[in-house]
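The residues making up each chain are set out below.
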Amino acid sequence: MLAIGAAVGWAASAVFAPPDDVLAATPYTYAELVVGEVGSSVSLNTVAKWPQVPAGTNQAIGTVTSVSVKPGDEVEAGDVLYSVDLRPVVVAEGATPAFRAVARGTEGADVKQLQLMLTELGFYSGVSDGEFGGATEQAVRDWQRSLGIDDDGIVQAGDLVFVPALPGRVSLDREIVYRGATLAGGEAAVSGLAEAPVFTIPVTAQQAAAMPAGTPVELGIEDASWTAVVAGQEPDPESSEIVVVTLEGAGGPVCGDECDLVPVTGESLLNSRIITQATVSGVVAPSAALLSAADGTVSVIDDEGVTHEVTVLASAQGMSVIEGAAAGLRVRVPADAGAAG
């Protein structure tokens, strides 16, 4: 019985234990180096939004009979924004808001701003000194006739909306100024727009780590396509799990001279592609075939056990473009047999 038990025990060992050289013989496989390219990208939504700040206050009283500008239009001094009771409301540049009617004998900063507008429009050639004299009155009458209104020489408070700087893009508050709306005066009706929209990408912290400053981004809207780079990152004040990535253009706005394609109200979502690794062409090897030494050198080992020192040009998605080894060479994968299994 003892002999039989020993025989059975030997048989079990023979069946279930692998030969001594099996693990040593198959710790890795081989892959052939080929010519190709390596690159990676991720598709996300970019948010485009025009920053807006209050720019002008309406002082006209009555019913809006027409609206002359669309959101985001660029306006210059003397342009008509809208009409109230058929009387045009005109935009002009100035830090002092319109607050009173001005006529011959009136003095002040608002009069000077009026004179500067009349000068720019070609109606006034005198000194812009803030004193409403005879020359200013005549210029006002000429201007009023050009607008098709009574040339009484008196500029009502509601005739002008002064904004900080012109020319510039503006937007009318569509909940306040629309055809048929009733205005009582004092409404913050006009907003100024920045020179260009702000472009941001909301991402997770993990995604943000793959998008350092300078990362290229391709995006566009309608038939337009633009390129940008990551300019910076900030935590989203409304969510601790979101990072807001800001984009910038090369020497100008991301949207170049096509910013009018971006709606000026609300937020617009644009398809974008973030280039986390620019495409590089050359000899491609599995990244697992690369053996890194303590001195920083990198190498591959061919099927005859010969080591070839290489330079890694790019890596993405488990593949690397290398220099120092020719296409067609069969290399060990993984490079370090000790890393197998």
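Above this note sits the structure.
All of the points below concern the structure found in this document. Predicted, not measured: the structure shown is a model, and the values here were computed from it.

Calculation criteria
- Residues numbered from 1 in each chain as written.
- Predicted model: local features only at pLDDT ≥ 70, side-chain atom pairs only at ≥ 80, totals over all residues.
- Heavy atoms only, no water.
- Core = buried A, V, L, I, M, F, W, Y, C linked by side-chain atoms within 4.5 Å.
- Buried < 20%, exposed > 50% of the residue type's maximum accessible area, 1.4 Å probe, protein only.
- Helix = DSSP H or I, 4+ residues; strand = E, 2+ residues; numbered from the N terminus.
- Contact = heavy atoms within 4.5 Å.
- Disulfide = S-S within 2.5 Å.
- Pairing = 2+ DSSP bridges.
- Phe/Tyr/Trp six-rings, centres within 6.5 Å; stacked < 30°, edge-to-face > 60°.
- Expected span 1.5 Å × (residues − 1).
- Salt bridge = Lys/Arg side-chain N within 4 Å of Asp/Glu carboxyl O.

**Quick look at the nonpolar core**
Link 1 in the chain: One finds Tyr82, Leu114, Met117 and Leu160 to be the most contacted residues of the largest nonpolar core, which totals 37 residues.
Link 2 in the chain: Within the residue set of this core, elements represented by two or more residues are strand E6 (80-84), strand E7 (87-93), helix H3 (109-121), helix H4 (134-147), strand E8 (160-163), strand E9 (168-172) and strand E11 (187-193).
Link 3 in the chain: Contacts of methionine 117, omitting those with residues within four sequence positions, involve Ala77, Gly78, Val90, Val91, Ala92, Trp143 and Leu160.
Link 4 in the chain: Counting 27 residues, the second-largest nonpolar core is a separate cluster that includes Ile201, Val203, Leu247 and Cys259.

**Focus on the environment of aspartate 303**
Link 1 in the chain: Within the secondary structure, aspartate 303 sits in the loop between strand E18 (298-301) and strand E19 (307-316).
Link 2 in the chain: Distance in space between the C-alpha atoms of aspartate 303 and threonine 265 is 63 Å, their sequence separation being 38 residues.

**Brief notes about the state of the cysteines**
Link 1 in the chain: Tallied over the entire structure, the rule returns one disulfide.
Link 2 in the chain: Here cysteine 255 connects covalently by a disulfide to cysteine 259, the sulfurs 1.9 Å from one another. Handedness here is read from the sign of the S-S torsion; for cysteine 255 and cysteine 259, about 85°, the answer is right-handed.
Link 3 in the chain: Cysteine 259 sits in the buried class, given a relative accessible area of 3%.

**Some remarks on the side chain of serine 299**
Link 1 in the chain: With respect to the secondary-structure elements, serine 299 resides in strand E18.
Link 2 in the chain: Ignoring anything within four residues of it in the chain, the contact list for serine 299 reads Ala289, Leu290, Leu291, Thr307, His308, Glu309 and Val310.

**Quick look at the sheet that holds E11**
Link 1 in the chain: Read from one edge of the open sheet, four strands run E3-E11-E9-E5, paired in antiparallel fashion. At either margin of the open sheet sits one strand with a lone partner, and together these are strand E3 (52-58) and strand E5 (74-75).
Link 2 in the chain: Looking at chain direction, E5 and E9 are connected through two bridges and run antiparallel. Bridge pairing in E9 places glutamate 74 opposite arginine 169.

**Considerations on the packing of aromatic side chains**
Link 1 in the chain: Applying the stated criterion across every chain, the model contains two aromatic pairs.
Link 2 in the chain: For the ring pair tyrosine 28 and tyrosine 30, a centre distance of 5.7 Å and an interplane angle of 80° mean the geometry is edge-to-face.
Link 3 in the chain: Take tyrosine 28: its relative accessible area is 26%, and that puts it in the partly exposed class.
Link 4 in the chain: Residue class for tyrosine 30 comes out partly exposed when judged on its relative accessible area of 27%.
Link 5 in the chain: With 6.1 Å between their ring centres and 75° between their planes, phenylalanine 199 and tryptophan 226 make a pair best called edge-to-face. Taken as a pair, phenylalanine 199 in strand E12 (residues 198-204) and tryptophan 226 in strand E14 (residues 224-235) lie far apart in primary sequence, 27 residues in all.
Link 6 in the chain: Overall, the relative accessible area of 6% leaves tryptophan 226 in the buried class.

**Looking at the pairing of strand E4 (residues 62-67)**
Link 1 in the chain: With two bridges joining them, E4 and strand E10 (residues 182-183) adopt antiparallel strand pairing. Residue pairing for E10: glycine 62 is matched across the bridge by leucine 183.
Link 2 in the chain: Sheet topology places E4 next to E6; three bridges connect them, and they run antiparallel. Its bridge partner being in E6, valine 64 is matched across the sheet by valine 84.

**Thoughts on H4**
Link 1 in the chain: Compared with an ideal rise of 1.5 Å per residue, which puts 14 residues at 20 Å, H4 spans 20 Å between its outermost C-alpha atoms and is within 8% of the ideal.
Link 2 in the chain: Packed against the buried residues of H4 are E7, H3 and E8.
Link 3 in the chain: Of the residues trailing H4, glycine 148 is marked for its positive phi of about 80°.

**Considerations on the pattern of salt bridges**
Where charged atoms from two side chains of opposite charge approach closely, those side chains can pair.
Link 1 in the chain: Under the defined criterion, the tally for this structure stands at nine salt bridges.
Link 2 in the chain: The closest approach of N and O atoms between aspartate 142 and arginine 145, which form a salt bridge, is 2.2 Å. Note that aspartate 142 and arginine 145 are positioned in helix H4 at a spacing of three residues, about one turn of the helix.
Link 3 in the chain: A residue is classified by how much of its surface remains accessible, and aspartate 142, at 25% relative accessible area, is partly exposed.
Link 4 in the chain: In this structure, arginine 330 engages aspartate 303 in a salt bridge whose closest nitrogen and oxygen atoms are separated by 3.5 Å. Of this pair, arginine 330 sits in strand E21 (residues 330-333) while aspartate 303 sits in the loop between E18 and E19, placing them 27 residues apart in sequence.

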